[in-house]
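The primary structure of each chain is shown beneath.
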Amino acid sequence: MVQRIITQPAQIKKEDGLADLIGQFGKWQFIVLATVSIVKLSSAWSQMAILFLTPNLTFWCSNFGDNTTSTGQNMTCYDDCIEYSYDTSPFGNTIISEWDLVCDRAWLASFTQMVLQFGILIGSILFGFLSDRYGRKNTFLVSVVALVAFGFGIPFSPNYITFTVLRFLMGIATAGTMVISFVIVMETVGSNYREICGCLFQMPFIIGFILIPVFAYFYRNWNDYSLALAIPSVIYLGYFFVLTESPRWLVSVGKVDEATKLVTRAAKLNGLPTSKVEETLKKMSEKIQEESTAVKPNYSDLFKGSMLIKTVTSCIIWMITGLTYYGFNQYISQTSPDPFLTVGAMGVIQVPSILVSIWLLRHFARKLVVIGFFILGGLCVLALGVMPDTFWVTLSLGCIGISCVSLVTTCIYIYTSELFPTVVRNMGMGACSTSMRVGSMIAPFVSNLSTTVPWMPNVIFGLAPIVAALICLLLPETKGTALPDSLKEVKDTA
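Read on for a plain summary of the structure. Note that this is a predicted model, so its numbers are computed, not measured.

1. Details of the overall build of the chain
Here is step 1: Check the secondary structure of the chain and you find 24 helices and two strands.
Here is step 2: Here the chain, with 494 residues, has 57% of them falling under the buried criterion.
Here is step 3: Taking the contacts inside the chain whose residues are at least 6 apart along the sequence as the reference set, 81% of them involve residues at least 24 apart.
Here is step 4: Within the structure as shown, the chain displays about 19900 Å² of accessible surface, and the carbon and sulfur contribution to it stands at 66%.

Here's what the structure looks like:
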């Protein structure tokens, strides 16, 4: 009885005409999900590559400029040191040793990751707006081409500035693939399958995460490692031949003829009748146009009326998620004596988290799941500060903490996409993704506090999710409701 009350939708369920035509989930939706989600592999590689680009290295001054040398691995900085040397075990040449990112230049290691995340921030805004205005397909293809091009440019960077600029551009391209691909999937499947597909959509990201230590193990030099991560992205050029536009977007902007052709093919593939496709889509489009304002929606609509609390609250939650997920991953990998094993374990533990999230989202309210695992993850991280400092204790609590944040990340993608109407959904997801980038930009600097204030990262990464859980109480429940198409629908159901 308690569970039934908790999971009861807060909104009246709206009839979904598109799902009635093509079905909740069939062969066509499966093909879209299977093909579009592959791009998430590179989302993991571009963002988590930093775990092995900037490992903790033992260094010493090998040239003081007066023919004095030192071979002691004392990791001490000297004002008169001209050249530092590095222990190349277990890594070969990293960007730390390549460009001497130690001592007064140590902040540059975190800065290059901050710049990447800043690029994702900019890309989230840019591609969120462009895809809502010009369509999902074309903007997605532009981001894919940019992702491949910049990925191949990074390994051949002649200096730190070029490397960092290319990572910034890579971040912009990565954002396009991330935001648009998820919206395509969410606009393709019916409400009954959004939980499953939204969770499975994240699986390639976790697979990419697991593969990162494999690439790093076999390619110990930063440029070889970066090139190895770039080569598989060539397969994304195949999207030019298989990707289709989102039929829901076509209907929302009045392109009924194109939508009719696409929905007819999808219905046939799913074994459903096609006699009423054009008639139904015309009615849907006319209704959306009537309910939408004469002026095309823009980002300001996210902060008007009932959308204000939803947008601001969602952005804060996403920012804390980004801070915790990316920062805690980096913190654990840098403090572990075996980064290959630790990063691999943190990736593997997220696989069951994704699968469990499917069951949780189908049986429990969105808010209950998000709040519960935010709190559990935060408590695990806080426990690290008081438990014995051993490898297995750190690994165990770290993996549990990461799995909780990973589960929440999967859930809020689905939860947030259900809060925004079709006409501004990509803008809304872009704004949330932007907020996540703000958190992830701060994350490496918080992680590096472990060298000066050892207890601080645990406190920040532990308390932040608990704060996010409290803020989540302000959001409405969306379980079991059809995706809203217009801003008027959101106002009517507020």
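The structure having been displayed, the exposition proceeds.
2. Observations concerning the pattern of salt bridges
Here is step 1: Considering all chains together, one arrives at four salt bridges under this definition.
Here is step 2: Residue Asp132 pairs with Arg136 through a salt bridge whose shortest N-O separation is 2.6 Å. When sorted by exposure, Asp132 lands in the same class as Arg136, which is buried.

3. A closer look at the pairing of strand E2 (residues 83-86)
The two faces of a sheet get side chains in turn, since along a regular strand they alternate between them.
Here is step 1: Going residue by residue along E2, you find Tyr84 and Tyr86 tucked away on one face and Glu83 and Ser85 left uncovered on the opposite face.
Here is step 2: Where strand E1 (residues 59-63) and E2 come together, four bridges link them in antiparallel fashion. Residue Cys61 lies in a different strand from E2, and its bridge partner there is Tyr84.

4. Considering the state of the cysteines
Here is step 1: If you walk through the whole model with that rule in mind, you get one disulfide.
Here is step 2: Here Cys61 is linked by a disulfide to Cys81, with a sulfur-sulfur distance of 2.1 Å. Here the S-S torsion is close to 110°, and the disulfide linking Cys61 with Cys81 is therefore right-handed. Of this pair, Cys61 sits in strand E1 while Cys81 sits in the loop between E1 and E2, placing them 20 residues apart in sequence. Across this residue pair, the class does not change: Cys61 and Cys81 are buried.

5. Brief notes about the environment of Gly23
Here is step 1: With respect to the helices, strands and loops of the structure, Gly23 is situated in the loop between helix H2 (17-22) and helix H3 (27-36).
Here is step 2: On the basis of relative accessibility, which here comes to 16%, the residue Gly23 falls in the buried class.
Here is step 3: Remark: the alpha-carbon pair of Gly23 and Val189, spanning 166 residues in sequence, is separated by 8.0 Å.
Here is step 4: Excluding residues that lie within four positions of it along the chain, Gly23 makes contacts with Leu18, Gln29 and Leu272.

6. As for the nonpolar core
Here is step 1: Phe52, Tyr225 and Leu281 are the most contacted members of the largest nonpolar core, which totals 139 residues.
Here is step 2: Take this core: its biggest share by element is 14 residues, from helix H9 (residues 160-186).
Here is step 3: Once you skip the residues sitting within four places of it in the chain, Phe52 turns out to touch Phe91, Thr94, Ile212, Pro213, Ala216, Tyr225, Pro339, Phe340 and Val343.

7. Quick word on the packing of helix H7 (residues 107-134) against helix H22 (residues 425-447)
Here is step 1: Where H7 contacts H22, the axes come no closer than 8 Å and their chain directions differ by 175°. Relative to H22, the element H7 lies roughly antiparallel.
Here is step 2: The residue makeup of the contact of H7 with H22, split by class, is 13 nonpolar, eleven polar and three charged.

8. Comments concerning the packing of H22 against helix H23 (residues 456-471)
Here is step 1: In the contact formed by H22 and H23, the axes pass within 9 Å of each other and the chain directions differ by 150°. On the basis of their axis angle, the class for H22 and H23 is roughly antiparallel. In this structure, H22 contributes Ala443, Val446 and Ser447 to the contact, and H23 contributes Pro457, Ile460 and Phe461.
Here is step 2: Considered class by class, the residues forming the contact of H22 with H23 number five nonpolar, one polar and no charged.

9. Quick notes on H22
Every α-helix winds through 3.6 residues per turn, so residues three or four apart in the chain are directed the same way.
Here is step 1: Between its first and last C-alpha atoms H22 spans 33 Å; for 23 residues at 1.5 Å apiece the expected length is 33 Å, and the two agree.
Here is step 2: Burial within H22 is extensive, with 20 of its 23 residues counted as buried.

10. Comments concerning the environment of Asn329
Here is step 1: Along the chain, Asn329 turns up in helix H17 (residues 307-335).
Here is step 2: Residues Asn329 and Ile402, 73 residues apart in the sequence, show an inter-C-alpha distance of 7.2 Å.
Here is step 3: Excluding residues that lie within four positions of it along the chain, Asn329 makes contacts with Met48, Leu51, Phe209, Thr324, Met346 and Ile402.
Here is step 4: At 2.8 Å, the side chain of Asn329 and the backbone oxygen of Tyr325 are in polar contact.

11. A look at the packing of aromatic side chains
Here is step 1: With the rule as written, the count across this model stands at 23 aromatic pairs.
Here is step 2: Judged by centre distance (6.1 Å) and plane angle (50°), the ring pair of Phe52 and Phe91 falls under tilted. Pair noted here: Phe52 is in helix H5 (residues 50-53) and Phe91 is in the loop between E2 and helix H6 (95-98), with a separation of 39 residues, a long-range link. In this structure, Phe52 and Phe91 share a single accessibility class: buried.
Here is step 3: Between Tyr217 and Phe218, the aromatic rings sit 5.3 Å apart at their centres with planes inclined by 85°, giving edge-to-face as the arrangement.
Here is step 4: Following the ring pairs from residue to residue traces out a cluster consisting of Phe52, Phe91, Tyr217, Phe218, Tyr225 and Phe340.
Here is step 5: Just above the ring of Tyr217 sits the side chain of Arg220; from NZ or CZ to the centre is 4.6 Å.

Cut-offs used in this document
- The residue numbering used here restarts from 1 in each chain and proceeds along that chain's sequence as written.
- Local features are withheld for residues below a pLDDT of 70 in this predicted model, meaning they are given only at 70 or higher, and side-chain atom pairs are given and counted only at 80 or more; totals for whole chains, interfaces and linings count all residues.
- Only heavy atoms go into the side-chain values, all of them from the structure, while hydrogens and water stay out.
- What counts as a helix is a DSSP run of H or I of at least four residues, what counts as a strand is a run of E of at least two, and both are numbered from the N terminus.
- For the exposure calls, accessible area comes from a 1.4 Å probe over protein chains only, and a residue counts as buried if that area is under 20% of its type's maximum, exposed if over 50%, partly exposed in between.
- Whether two residues are in contact is decided by their heavy atoms, any of which lying within 4.5 Å being enough.
- With residues, only the protein chains shown are counted as cover, and all accessible areas are computed by Shrake-Rupley using a 1.4 Å probe.
- Put simply, a salt bridge is a Lys or Arg side-chain nitrogen that is within 4 Å of an Asp or Glu carboxyl oxygen.
- Here, strands pair whenever DSSP counts at least two bridges between them.
- Defined by distance alone, a disulfide is two cysteine sulfur atoms within 2.5 Å.
- To qualify as a nonpolar core, a set must consist of buried Ala, Val, Leu, Ile, Met, Phe, Trp, Tyr and Cys residues joined through side-chain atoms within 4.5 Å.
- Between N-to-C directions, angles span 0 to 180 degrees; the directions come from axes that are lines fitted to C-alpha atoms, helices contributing only their stretch in contact.
- If an angle is under 35 degrees, it is roughly parallel; if it is over 145, roughly antiparallel; if it lies from 65 to 115, roughly perpendicular; otherwise it is oblique.
- Residues are grouped as follows: Ala, Val, Leu, Ile, Met, Phe, Trp, Tyr, Cys and Pro are nonpolar; Asp, Glu, Lys and Arg are charged; every other residue, Gly included, is polar.
- Multiplying 1.5 Å by the helix residue count minus one yields the expected span of that helix.
- N or O atoms within 3.5 Å of each other form a polar contact, as long as, within protein, one can give a hydrogen and the other can take it, and as long as residues adjacent in sequence are counted only when both atoms are side-chain atoms.
- Two rings from Phe, Tyr or Trp (for Trp, the six-membered ring) form a pair when their centres sit within 6.5 Å of each other. Planes less than 30 degrees apart are called stacked, planes more than 60 degrees apart edge-to-face, and all others tilted.
- In our convention, an over-ring charge means Lys NZ or Arg CZ found within 6 Å of a ring centre and within 35 degrees of that ring's normal.

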